[in-house]
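Here is what each chain is made of, one letter per residue.
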Amino acid sequence: SNLASMPTPIKAIKRKRSNESLANNIMLFLIITGDLFVGAYMVIILAYSTYHGPIYCKIQLEWLTSISCSAIGVINIFGTLLSVFAMTSLSLFRMSSVTRNISIPRPVSRKGTLKILLISFLVVGMAIAIALIPLIGYFEDYFVNGLYHGSENRLFLGAPNKTDHINILEAYYGRLRTDSLRWDQIRQLINDMFSKDYTGVPHEKIEFYGNDAVCIFKYMVTFDDPQHNFVWAVHTLLTVCFLVITIAYIKIERTSTESAPTVADKETNKVLRNRRRTTQKKVTILIITDFISWIPFITICILHSAKLLDASSWYSTFSMVLNPLNSIINPLILSTSIVQKLEKAKELIRNRLQRAPQGIADQNKDTQMLPKG
(Lines give C-alpha, C1' and ligand atoms only; values in the text may rest on other atoms or scores of the structure.)
Protein backbone atom coordinates (compact mmCIF):
# COMPACT_ATOMS: atom_id res chain seq x y z
CA SER A 1 0.00 0.00 0.00
CA ASN A 2 2.93 2.34 0.66
CA LEU A 3 4.37 1.74 -2.81
CA ALA A 4 0.91 2.24 -4.34
CA SER A 5 0.62 5.56 -2.49
CA MET A 6 4.02 6.91 -3.54
CA PRO A 7 3.19 8.18 -7.08
CA THR A 8 0.38 10.45 -5.84
CA PRO A 9 2.51 12.94 -3.83
CA ILE A 10 5.38 12.79 -6.35
CA LYS A 11 3.10 13.86 -9.20
CA ALA A 12 1.55 16.59 -7.04
CA ILE A 13 5.00 17.90 -6.02
CA LYS A 14 6.03 18.19 -9.69
CA ARG A 15 2.88 20.18 -10.52
CA LYS A 16 3.62 22.81 -7.80
CA ARG A 17 0.10 24.22 -7.79
CA SER A 18 0.49 26.20 -4.57
CA ASN A 19 2.59 26.54 -1.43
CA GLU A 20 -0.06 24.63 0.51
CA SER A 21 -0.16 21.80 -2.02
CA LEU A 22 3.65 21.60 -2.13
CA ALA A 23 3.92 21.45 1.67
CA ASN A 24 1.17 18.87 2.03
CA ASN A 25 2.57 16.58 -0.65
CA ILE A 26 6.20 16.79 0.48
CA MET A 27 5.10 15.82 3.99
CA LEU A 28 2.90 13.08 2.57
CA PHE A 29 5.91 11.79 0.63
CA LEU A 30 7.99 11.76 3.85
CA ILE A 31 5.23 9.93 5.74
CA ILE A 32 5.05 7.24 3.09
CA THR A 33 8.87 7.02 2.98
CA GLY A 34 8.98 6.53 6.75
CA ASP A 35 6.33 3.83 6.54
CA LEU A 36 8.36 2.13 3.79
CA PHE A 37 11.36 2.00 6.13
CA VAL A 38 9.24 0.38 8.84
CA GLY A 39 7.90 -2.08 6.27
CA ALA A 40 11.45 -2.86 5.12
CA TYR A 41 12.43 -3.54 8.74
CA MET A 42 9.56 -6.01 9.15
CA VAL A 43 10.49 -7.82 5.93
CA ILE A 44 14.16 -8.06 6.99
CA ILE A 45 13.41 -9.34 10.49
CA LEU A 46 10.89 -11.84 9.11
CA ALA A 47 13.44 -13.11 6.57
CA TYR A 48 16.11 -13.43 9.28
CA SER A 49 13.70 -15.25 11.59
CA THR A 50 12.74 -17.66 8.82
CA TYR A 51 16.33 -18.39 7.84
CA HIS A 52 18.04 -18.44 11.26
CA GLY A 53 15.12 -19.28 13.54
CA PRO A 54 15.99 -22.97 14.10
CA ILE A 55 19.57 -22.13 15.18
CA TYR A 56 18.92 -18.76 16.85
CA CYS A 57 19.86 -19.96 20.34
CA LYS A 58 23.34 -20.89 19.09
CA ILE A 59 23.99 -17.56 17.39
CA GLN A 60 21.99 -15.27 19.69
CA LEU A 61 24.94 -13.27 21.03
CA GLU A 62 26.60 -13.03 17.62
CA TRP A 63 23.33 -11.63 16.25
CA LEU A 64 22.72 -9.14 19.07
CA THR A 65 26.27 -7.77 18.75
CA SER A 66 26.22 -7.62 14.95
CA ILE A 67 26.20 -4.52 12.79
CA SER A 68 23.14 -5.95 11.03
CA CYS A 69 21.09 -5.87 14.24
CA SER A 70 22.00 -2.24 14.91
CA ALA A 71 21.37 -1.30 11.27
CA ILE A 72 17.82 -2.67 11.14
CA GLY A 73 17.13 -1.07 14.51
CA VAL A 74 18.13 2.28 13.02
CA ILE A 75 15.94 1.58 9.96
CA ASN A 76 12.93 0.90 12.18
CA ILE A 77 13.16 3.90 14.50
CA PHE A 78 14.15 6.24 11.65
CA GLY A 79 11.06 5.21 9.71
CA THR A 80 8.83 5.56 12.77
CA LEU A 81 10.16 9.00 13.68
CA LEU A 82 10.16 10.27 10.10
CA SER A 83 6.52 9.27 9.69
CA VAL A 84 5.44 10.82 12.99
CA PHE A 85 7.40 14.08 12.54
CA ALA A 86 6.18 14.49 8.96
CA MET A 87 2.59 13.77 10.02
CA THR A 88 2.91 16.43 12.72
CA SER A 89 4.28 18.96 10.23
CA LEU A 90 1.52 18.07 7.74
CA SER A 91 -1.10 18.64 10.43
CA LEU A 92 0.35 22.05 11.30
CA PHE A 93 0.62 23.05 7.62
CA ARG A 94 -2.99 22.09 6.98
CA MET A 95 -4.23 23.79 10.14
CA SER A 96 -2.39 27.00 9.21
CA SER A 97 -3.75 26.89 5.67
CA VAL A 98 -7.36 26.22 6.68
CA THR A 99 -7.32 28.77 9.51
CA ARG A 100 -5.83 31.52 7.34
CA ASN A 101 -7.76 31.05 4.11
CA ILE A 102 -9.91 28.09 3.26
CA SER A 103 -10.62 28.74 -0.40
CA ILE A 104 -7.74 30.62 -2.06
CA PRO A 105 -4.38 28.81 -2.02
CA ARG A 106 -1.25 30.91 -2.46
CA PRO A 107 0.83 30.40 -5.63
CA VAL A 108 4.22 28.76 -5.23
CA SER A 109 6.92 31.27 -4.21
CA ARG A 110 10.67 30.95 -3.69
CA LYS A 111 10.38 32.00 -0.07
CA GLY A 112 7.58 29.51 0.59
CA THR A 113 9.49 26.72 -1.16
CA LEU A 114 12.65 27.38 0.87
CA LYS A 115 10.63 27.38 4.10
CA ILE A 116 8.99 24.06 3.23
CA LEU A 117 12.34 22.49 2.24
CA LEU A 118 13.96 23.75 5.46
CA ILE A 119 11.23 22.17 7.56
CA SER A 120 11.51 18.95 5.53
CA PHE A 121 15.28 18.77 6.12
CA LEU A 122 14.68 19.47 9.82
CA VAL A 123 12.17 16.59 10.00
CA VAL A 124 14.57 14.18 8.28
CA GLY A 125 17.56 15.43 10.28
CA MET A 126 15.82 15.00 13.64
CA ALA A 127 14.79 11.44 12.75
CA ILE A 128 18.34 10.54 11.65
CA ALA A 129 19.94 12.16 14.72
CA ILE A 130 17.70 10.38 17.24
CA ALA A 131 18.19 7.05 15.45
CA LEU A 132 22.00 7.34 15.39
CA ILE A 133 22.75 8.91 18.80
CA PRO A 134 22.72 5.52 20.62
CA LEU A 135 25.44 4.20 18.27
CA ILE A 136 27.91 7.07 18.74
CA GLY A 137 30.98 5.75 20.56
CA TYR A 138 31.27 8.86 22.75
CA PHE A 139 27.95 7.94 24.42
CA GLU A 140 28.65 4.21 24.87
CA ASP A 141 28.48 4.44 28.66
CA TYR A 142 24.82 5.41 28.30
CA PHE A 143 23.80 3.00 25.56
CA VAL A 144 25.93 -0.15 25.68
CA ASN A 145 24.08 -2.86 27.62
CA GLY A 146 26.89 -5.40 27.91
CA LEU A 147 30.01 -6.92 26.36
CA TYR A 148 30.37 -10.32 24.73
CA HIS A 149 33.90 -11.71 24.98
CA GLY A 150 33.48 -14.77 22.80
CA SER A 151 32.11 -18.24 23.34
CA GLU A 152 35.46 -19.61 24.52
CA ASN A 153 35.78 -17.20 27.44
CA ARG A 154 34.64 -19.07 30.57
CA LEU A 155 35.14 -16.20 32.99
CA PHE A 156 32.79 -13.72 31.34
CA LEU A 157 29.92 -15.96 30.30
CA GLY A 158 27.26 -14.58 28.00
CA ALA A 159 27.23 -10.80 27.74
CA PRO A 160 27.56 -9.38 31.28
CA ASN A 161 26.37 -5.85 31.96
CA LYS A 162 28.58 -3.20 33.56
CA THR A 163 27.71 -4.19 37.15
CA ASP A 164 28.56 -7.83 36.53
CA HIS A 165 31.84 -6.84 34.89
CA ILE A 166 32.82 -4.70 37.86
CA ASN A 167 32.01 -7.53 40.29
CA ILE A 168 34.24 -9.95 38.36
CA LEU A 169 37.03 -7.40 38.09
CA GLU A 170 36.90 -6.70 41.84
CA ALA A 171 37.11 -10.43 42.53
CA TYR A 172 40.28 -10.55 40.41
CA TYR A 173 41.97 -7.22 41.24
CA GLY A 174 40.56 -6.60 44.67
CA ARG A 175 38.63 -3.51 45.71
CA LEU A 176 38.65 -0.91 42.92
CA ARG A 177 39.11 2.74 43.70
CA THR A 178 35.77 3.68 42.18
CA ASP A 179 32.40 2.00 42.06
CA SER A 180 31.85 3.27 38.51
CA LEU A 181 34.01 2.44 35.53
CA ARG A 182 33.76 3.49 31.91
CA TRP A 183 33.48 0.80 29.29
CA ASP A 184 36.90 1.65 27.88
CA GLN A 185 38.40 1.18 31.38
CA ILE A 186 36.63 -2.16 31.72
CA ARG A 187 38.01 -3.32 28.37
CA GLN A 188 41.53 -2.32 29.37
CA LEU A 189 41.33 -4.13 32.72
CA ILE A 190 40.04 -7.27 30.98
CA ASN A 191 42.86 -7.11 28.43
CA ASP A 192 45.39 -7.02 31.30
CA MET A 193 43.85 -10.17 32.77
CA PHE A 194 44.58 -12.37 29.75
CA SER A 195 47.55 -13.19 27.60
CA LYS A 196 47.96 -11.15 24.45
CA ASP A 197 49.67 -13.99 22.58
CA TYR A 198 46.49 -15.00 20.76
CA THR A 199 45.08 -11.67 19.51
CA GLY A 200 43.71 -10.81 22.93
CA VAL A 201 40.11 -10.89 24.14
CA PRO A 202 37.23 -9.79 21.85
CA HIS A 203 34.90 -7.09 23.18
CA GLU A 204 31.69 -7.14 21.16
CA LYS A 205 29.12 -4.60 22.33
CA ILE A 206 25.48 -5.36 23.08
CA GLU A 207 24.37 -1.96 21.86
CA PHE A 208 21.11 -0.10 22.32
CA TYR A 209 19.29 -1.89 19.51
CA GLY A 210 20.61 -5.28 20.58
CA ASN A 211 18.48 -5.32 23.73
CA ASP A 212 16.08 -7.83 22.13
CA ALA A 213 16.13 -10.40 19.34
CA VAL A 214 13.99 -8.17 17.11
CA CYS A 215 16.63 -5.40 17.28
CA ILE A 216 14.22 -2.56 17.94
CA PHE A 217 14.31 0.70 19.88
CA LYS A 218 14.50 0.03 23.63
CA TYR A 219 11.06 1.39 24.47
CA MET A 220 10.80 -0.39 27.82
CA VAL A 221 13.29 0.74 30.45
CA THR A 222 13.38 0.97 34.24
CA PHE A 223 14.34 4.04 36.23
CA ASP A 224 17.76 2.57 37.06
CA ASP A 225 18.52 1.96 33.38
CA PRO A 226 21.24 4.33 32.03
CA GLN A 227 19.15 4.84 28.87
CA HIS A 228 16.08 5.89 30.84
CA ASN A 229 16.35 9.65 30.18
CA PHE A 230 16.93 9.24 26.45
CA VAL A 231 14.10 6.75 26.00
CA TRP A 232 11.62 8.86 27.92
CA ALA A 233 12.65 11.99 26.04
CA VAL A 234 11.68 10.14 22.85
CA HIS A 235 8.44 8.86 24.43
CA THR A 236 7.55 12.41 25.47
CA LEU A 237 8.36 13.77 22.02
CA LEU A 238 6.15 11.16 20.34
CA THR A 239 3.29 11.81 22.76
CA VAL A 240 3.49 15.56 22.10
CA CYS A 241 3.45 14.90 18.35
CA PHE A 242 0.30 12.79 18.59
CA LEU A 243 -1.40 15.41 20.75
CA VAL A 244 -0.50 18.09 18.20
CA ILE A 245 -1.85 15.91 15.36
CA THR A 246 -5.12 15.34 17.21
CA ILE A 247 -5.60 19.01 18.15
CA ALA A 248 -4.67 20.17 14.64
CA TYR A 249 -7.17 17.92 12.89
CA ILE A 250 -9.93 18.84 15.34
CA LYS A 251 -9.15 22.50 14.61
CA ILE A 252 -9.21 21.79 10.85
CA GLU A 253 -12.60 20.13 11.07
CA ARG A 254 -14.07 22.86 13.26
CA THR A 255 -12.79 25.66 11.02
CA SER A 256 -14.03 23.89 7.89
CA THR A 257 -17.48 23.45 9.41
CA GLU A 258 -17.71 27.10 10.48
CA SER A 259 -16.42 28.43 7.16
CA ALA A 260 -18.60 26.36 4.82
CA PRO A 261 -21.89 28.29 5.38
CA THR A 262 -20.21 31.59 4.46
CA VAL A 263 -19.66 30.48 0.86
CA ALA A 264 -22.62 31.40 -1.30
CA ASP A 265 -22.06 29.26 -4.35
CA LYS A 266 -23.98 25.99 -4.10
CA GLU A 267 -21.38 23.99 -6.00
CA THR A 268 -18.67 25.28 -3.67
CA ASN A 269 -20.81 24.31 -0.69
CA LYS A 270 -21.19 20.83 -2.15
CA VAL A 271 -17.42 20.53 -2.64
CA LEU A 272 -16.82 21.72 0.91
CA ARG A 273 -19.32 19.24 2.32
CA ASN A 274 -17.63 16.39 0.47
CA ARG A 275 -14.25 17.63 1.65
CA ARG A 276 -15.45 17.81 5.24
CA ARG A 277 -16.85 14.30 5.11
CA THR A 278 -13.59 12.94 3.71
CA THR A 279 -11.53 14.88 6.25
CA GLN A 280 -13.70 13.71 9.12
CA LYS A 281 -13.25 10.08 8.09
CA LYS A 282 -9.51 10.57 7.92
CA VAL A 283 -9.44 12.36 11.27
CA THR A 284 -11.46 9.64 12.99
CA ILE A 285 -9.33 6.79 11.68
CA LEU A 286 -6.11 8.72 12.27
CA ILE A 287 -6.90 9.50 15.90
CA ILE A 288 -8.11 5.95 16.60
CA THR A 289 -4.99 4.33 15.09
CA ASP A 290 -2.73 6.81 16.90
CA PHE A 291 -4.25 6.01 20.25
CA ILE A 292 -4.44 2.26 19.60
CA SER A 293 -0.80 2.26 18.52
CA TRP A 294 0.82 4.47 21.13
CA ILE A 295 -1.27 5.29 24.18
CA PRO A 296 -1.60 1.68 25.44
CA PHE A 297 2.03 1.09 24.52
CA ILE A 298 3.27 4.13 26.44
CA THR A 299 1.03 3.24 29.39
CA ILE A 300 2.61 -0.22 29.55
CA CYS A 301 6.06 1.40 29.32
CA ILE A 302 5.24 3.67 32.29
CA LEU A 303 4.08 0.73 34.40
CA HIS A 304 7.18 -1.22 33.40
CA SER A 305 9.48 1.69 34.27
CA ALA A 306 7.85 2.05 37.68
CA LYS A 307 8.28 -1.73 38.18
CA LEU A 308 4.54 -2.07 38.74
CA LEU A 309 4.40 -4.52 35.84
CA ASP A 310 6.99 -6.73 34.19
CA ALA A 311 6.19 -6.30 30.50
CA SER A 312 9.40 -7.84 29.19
CA SER A 313 7.57 -10.81 27.71
CA TRP A 314 5.18 -8.47 25.84
CA TYR A 315 7.97 -6.47 24.24
CA SER A 316 8.10 -8.27 20.90
CA THR A 317 4.30 -8.31 20.57
CA PHE A 318 3.91 -4.59 21.21
CA SER A 319 6.92 -3.68 19.07
CA MET A 320 6.07 -5.89 16.11
CA VAL A 321 2.26 -5.62 16.09
CA LEU A 322 0.91 -2.44 17.69
CA ASN A 323 3.87 -0.16 17.02
CA PRO A 324 3.94 -0.57 13.19
CA LEU A 325 0.14 -0.24 12.96
CA ASN A 326 0.38 3.40 11.88
CA SER A 327 2.72 2.44 9.05
CA ILE A 328 0.07 0.07 7.72
CA ILE A 329 -2.93 2.36 8.20
CA ASN A 330 -1.38 5.76 7.29
CA PRO A 331 -1.24 5.16 3.52
CA LEU A 332 -4.89 4.11 3.54
CA ILE A 333 -5.83 7.30 5.37
CA LEU A 334 -3.62 9.81 3.60
CA SER A 335 -3.48 8.53 0.04
CA THR A 336 -6.20 10.02 -2.14
CA SER A 337 -5.89 7.27 -4.74
CA ILE A 338 -6.41 4.50 -2.21
CA VAL A 339 -9.27 6.36 -0.53
CA GLN A 340 -10.93 6.76 -3.93
CA LYS A 341 -10.48 3.05 -4.68
CA LEU A 342 -12.02 2.13 -1.34
CA GLU A 343 -14.95 4.48 -1.99
CA LYS A 344 -15.50 2.95 -5.44
CA ALA A 345 -15.32 -0.56 -3.99
CA LYS A 346 -17.83 0.40 -1.28
CA GLU A 347 -20.14 1.95 -3.88
CA LEU A 348 -19.91 -1.16 -6.06
CA ILE A 349 -20.81 -3.41 -3.11
CA ARG A 350 -23.71 -1.13 -2.16
CA ASN A 351 -25.09 -1.17 -5.72
CA ARG A 352 -24.89 -4.95 -5.90
CA LEU A 353 -26.63 -5.31 -2.55
CA GLN A 354 -29.38 -2.95 -3.69
CA ARG A 355 -29.86 -4.86 -6.95
CA ALA A 356 -29.94 -8.26 -5.23
CA PRO A 357 -33.46 -7.90 -3.65
CA GLN A 358 -34.84 -6.56 -6.94
CA GLY A 359 -33.39 -9.54 -8.81
CA ILE A 360 -34.97 -11.96 -6.35
CA ALA A 361 -38.32 -10.17 -6.64
CA ASP A 362 -38.19 -10.35 -10.44
CA GLN A 363 -37.35 -14.04 -10.27
CA ASN A 364 -40.29 -14.72 -7.93
CA LYS A 365 -42.59 -12.76 -10.23
CA ASP A 366 -41.52 -14.79 -13.26
CA THR A 367 -42.05 -18.01 -11.30
CA GLN A 368 -45.60 -17.02 -10.37
CA MET A 369 -46.46 -16.27 -14.02
CA LEU A 370 -45.58 -19.79 -15.17
CA PRO A 371 -48.67 -21.95 -16.06
CA LYS A 372 -49.61 -24.59 -13.47
CA GLY A 373 -49.24 -28.26 -14.25
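Residues numbered from 1 in each chain as written. Predicted model: local features only at pLDDT ≥ 70, side-chain atom pairs only at ≥ 80, totals over all residues. Heavy atoms only, no water.

1. Topic: unusual backbone geometry
Despite not being glycine, cysteine 215 has its phi angle at roughly 55 degrees, a positive value. Among the structural elements, cysteine 215 can be located in the loop between β2 (204-206) and α10 (228-259). For lysine 307, which is not a glycine, the phi torsion comes out positive at approximately 60 degrees. For lysine 307, the position within the fold is in the loop between α11 (266-305) and α12 (315-322). (Helix = DSSP H or I, 4+ residues; strand = E, 2+ residues; numbered from the N terminus.)

2. Section: the state of the cysteines
Tallying each qualifying case throughout the model produces 1 disulfide. In this model, cysteine 69 is linked to cysteine 215 through a disulfide, with the two sulfur atoms separated by 1.9 Å. Here cysteine 69 and cysteine 215 share a disulfide; its torsion about the S-S bond, -110 degrees, makes the bridge left-handed. A residue pair is termed long-range when its members are at least 10 positions apart, and cysteine 69 in helix α5 (residues 67-100) and cysteine 215 in the loop between β2 and α10 qualify at 146 residues. A relative accessible area of 0% means that cysteine 215 is categorised as buried. (Disulfide = S-S within 2.5 Å. Buried < 20%, exposed > 50% of the residue type's maximum accessible area, 1.4 Å probe, protein only.)

3. A short note on the confidence of the model for the protein
The predicted model of the protein averages 77 in pLDDT, with 68% of residues at 70 or higher. Element-level mean pLDDT values for the protein span from 54 in helix α1 (residues 2-5) up to 91 in helix α7 (residues 140-143). Overall, residues 262-268 carries pLDDT values under 50, and its contacts beyond four positions in sequence, including any with other chains, amount to 4 contacts. (pLDDT = per-residue confidence, 0-100. Contact = heavy atoms within 4.5 Å.)

4. Quick word on helix α9 (residues 183-193)
Among all positions in α9, only Trp183, Ile186, Arg187, Ile190 and Met193 are buried. Summarising the axial view, the buried residues of α9 lie within an arc of 115 degrees, below the 170-degree limit, and thus occupy one face. On its buried face, α9 is in contact with α7, β1 (146-148), α8 (162-173) and β2. (Arc of directions from axis to C-beta.)

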